[in-house]
Amino acid sequence: MISGGGQPNMQQLLQQAQKMQQDLAAAQEELARTQVEGQAGGGLVKATVTGSGELLALAIDPKAVDPEDTETLADLIVAAVQAANENAQALQEQKMGPLAQALGGGSGIPGLPF
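About the thresholds
- Residues numbered from 1 in each chain as written.
- Predicted model: local features only at pLDDT ≥ 70, side-chain atom pairs only at ≥ 80, totals over all residues.
- Heavy atoms only, no water.
- Helix = DSSP H or I, 4+ residues; strand = E, 2+ residues; numbered from the N terminus.
- Buried < 20%, exposed > 50% of the residue type's maximum accessible area, 1.4 Å probe, protein only.
- Contact = heavy atoms within 4.5 Å.
- Areas by Shrake-Rupley, 256 points an atom, 1.4 Å probe, with all protein chains shown as cover.
- Pairing = 2+ DSSP bridges.
- Axes fitted to C-alpha atoms, helices over the stretch in contact; angles between N-to-C directions.
- Expected span 1.5 Å × (residues − 1).
- Polar contact = N/O pair within 3.5 Å; in protein donor to acceptor, adjacent residues only side chain to side chain.
- Core = buried A, V, L, I, M, F, W, Y, C linked by side-chain atoms within 4.5 Å.

J.: Just give me the short version of the overall build of the protein, but keep the residues and values in it.
T.: Along the protein, the regular secondary structure elements total two helices and three strands. Ordered by position from the N terminus, the helices and strands of the protein form the series α-β-β-β-α. Counting over 114 residues, the protein shows a buried share of 24%. The contacts of the protein with a sequence gap of at least 6 include a subset with a gap of at least 24, amounting to 45%. In the structure as shown, the protein presents an accessible area of about 7,500 Å², 52% of it carried by carbon and sulfur atoms.

Right, here's the structure in full:
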């Protein structure tokens, strides 16, 4: 990295930064395409989100539907969506973690989801 006068090779630094940016964009695209599921109530309610956290689908088993107890169904829906988002967060950390470390830990870098 350091050439003759003790100065960093700016072209090499720029190339590394550009590669990291490309890797980050590729990881973000992959997360947006990857589907992750979460469930609640032993699978009575299932939520599907993208790896970036966008809710795509919600499946509710008819056994979970009790007109006299919609509160429990609502709780199951919230729990399934939360579980799916936790799984998406784990996927984000798995995919983006190495990039965050390469960028100096990832904390405090605006625009990065970790």
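Structure's up, so let's keep going.
J.: Quick one: what's the story with the sheet that holds strand β3 (residues 55–60), residue by residue and with numbers?
T.: Consider a sheet: its strands pair through backbone hydrogen bonds, and that pairing is either parallel or antiparallel. A sheet is described by the order of its strands in space; here three strands give the open sequence β1-β2-β3, paired in antiparallel fashion. Looking along the sheet, the strands with just one partner apiece sit at the ends: β1 (35–40) and β3. Put simply, the sheet's adjacent strands are angled 15 degrees from each other on average, direction ignored. Across six bridges, β1 lies against strand β2 (residues 45–50) in antiparallel orientation. Considered in β2, the bridge of Ala 40 is made with Val 45.

J.: Residue-level account of helix α1 (residues 10–33), with values.
T.: Counted at 1.5 Å a residue, the expected span for α1 with its 24 residues is 34 Å, and the 35 Å between its end C-alpha atoms agrees. Of the positions making up α1, those classed as buried are Leu 24, Ala 27 and Leu 31. Backbone nitrogen of Gln 11 and a side-chain oxygen of the N-cap are separated by 3.1 Å at the start of α1; the cap is Asn 9.

J.: Could you give me a rundown of the nonpolar core, with the residues and numbers involved?
T.: Counting residues in each nonpolar core, the largest one holds 16 residues, and the members touching the most others are Val 45, Val 49, Ala 64, Leu 76, Ala 80 and Met 96. At the level of elements, α1, β1, β2 and α2 (70–102) are the ones that each hand at least two residues to this core. Among the elements that take part in this core, α2 stands out by supplying seven residues, more than any other. Ignoring any residue separated from it by four or fewer positions in sequence, one finds Ala 64 in contact with Leu 44, Val 45, Leu 73 and Leu 76.

J.: Account for the side chain of Thr 50, naming residues and giving values.
T.: Secondary-structure assignment places Thr 50 in strand β2. What Thr 50 contacts, discounting residues up to four positions off in sequence, is Leu 31, Ala 32, Thr 34, Gln 35, Leu 56 and Ala 88.

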